[in-house]
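Geometric and topological summary
Each chain is listed here by its residues.
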Amino acid sequence: MSNYDLITYYGPLVLIAMALVWGFARIWYLSRAEGVTVLAFLGRKRTGPEAVLALVAIVLDGYLIARPFVPGLDRFVMTAPNVYAHYGVAVMALGIGIAVLSQVDMGKAWRIGIPSGVEDSQSLVTNGLYRFSRNPIYVGIMLFIVGAVVVAPGPLTILSLLLTGVFTTKIIEAEEAFLRGAFGAEFDGYCQRTRRWF
C-alpha cells in the first residue's frame, strides 16, 4: 500500500475520529462547565430533514470508517478509483477545520437543533467565520462531503452530497425563522450583510 493509499483509506477515518472526539468534548464542556443545553433536539420529535441528515451521516461515515477494513466495500458501492483521492482528504480536513472553528466562534450559543426558545447563553453570533457566512458549520460539512466524493467517487458519496445539500438548506430555513423571531431587526441586518453560504 502506497503512502497515497494510506492517506486515502485511513485519512477519513482519522478525521472522523478527531471530529467525534472534538464534538463530544465540546458538548461535555458546554453542558457540564457552562450549563448550556447543547443538544436542543432532545426532548422533541426530530424533523424530517434532521432524520434524513442523521441517516446520511451514519451511512457515509460508516462507509468511510469501514473502507480500510473491508476490501470489497468500494466495489460493492460502485466507487470509482481516483488518482487524486488524497487531495480529497485535504478538502475533508479543511471542512472539519472550518466546522470546528465555527463552533468555537459560536461559544455558548452553539446548539445542535433548534431550541424551544432563546436561552440566556444565546446571542446572535456575527464575528469570526460568521462575518463571511451565516452558516460556516454547514459550509464545513459540505466541504467534508465534497472531499469524500473526491476520495471515493461513486453513487453513495454523490447521493450523500446531494441529500445533505437539500436537507441542510431546509434546516437552515427553519433556523433562520427561529433567529428572525428571536433577534428581529438585528438578524435581518445580519442577513443583508452576510450571505447564507459564502
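To keep things clear, this report deals only with the structure shown in the data block. All of these numbers come straight from a predicted model, not from anything done at the bench.

1. Comments concerning helix α5 (residues 136–151)
Helix length check: α5 (16 residues) gives 22 Å between terminal C-alpha atoms against 22 Å at 1.5 Å per residue, within 8%. Most of α5 is tucked away: 12 of the 16 residues are buried. Residues of α5 that are buried include every one of P136, I137, Y138, V139, G140, M142, F144, I145, G147, A148, V149 and V151, and no others. On its buried side, α5 packs onto α1 (3–32), α2 (48–66), α4 (85–106) and α6 (155–193).

2. With respect to the packing of α4 against α5
Axis separation between α4 and α5 bottoms out at 7 Å; the angle between their running directions is 165°. The angle between the axes of α4 and α5 places the two elements in the roughly antiparallel class. Considering only the axes of α4 and α5, their crossing is left-handed. Of the residues contributing to the contact of α4 with α5, the split by class is 17 nonpolar, 6 polar and no charged.

Reading the values: rules and limits
Residues numbered from 1 in each chain as written. Predicted model: local features only at pLDDT ≥ 70, side-chain atom pairs only at ≥ 80, totals over all residues. Heavy atoms only, no water. Helix = DSSP H or I, 4+ residues; strand = E, 2+ residues; numbered from the N terminus. Expected span 1.5 Å × (residues − 1). Buried < 20%, exposed > 50% of the residue type's maximum accessible area, 1.4 Å probe, protein only. Contact = heavy atoms within 4.5 Å. Axes fitted to C-alpha atoms, helices over the stretch in contact; angles between N-to-C directions. Parallel < 35°, antiparallel > 145°, perpendicular 65-115°, else oblique. Left-handed = near helix turned anticlockwise from the far one by under 90°. Nonpolar A, V, L, I, M, F, W, Y, C, P; charged D, E, K, R; others polar.

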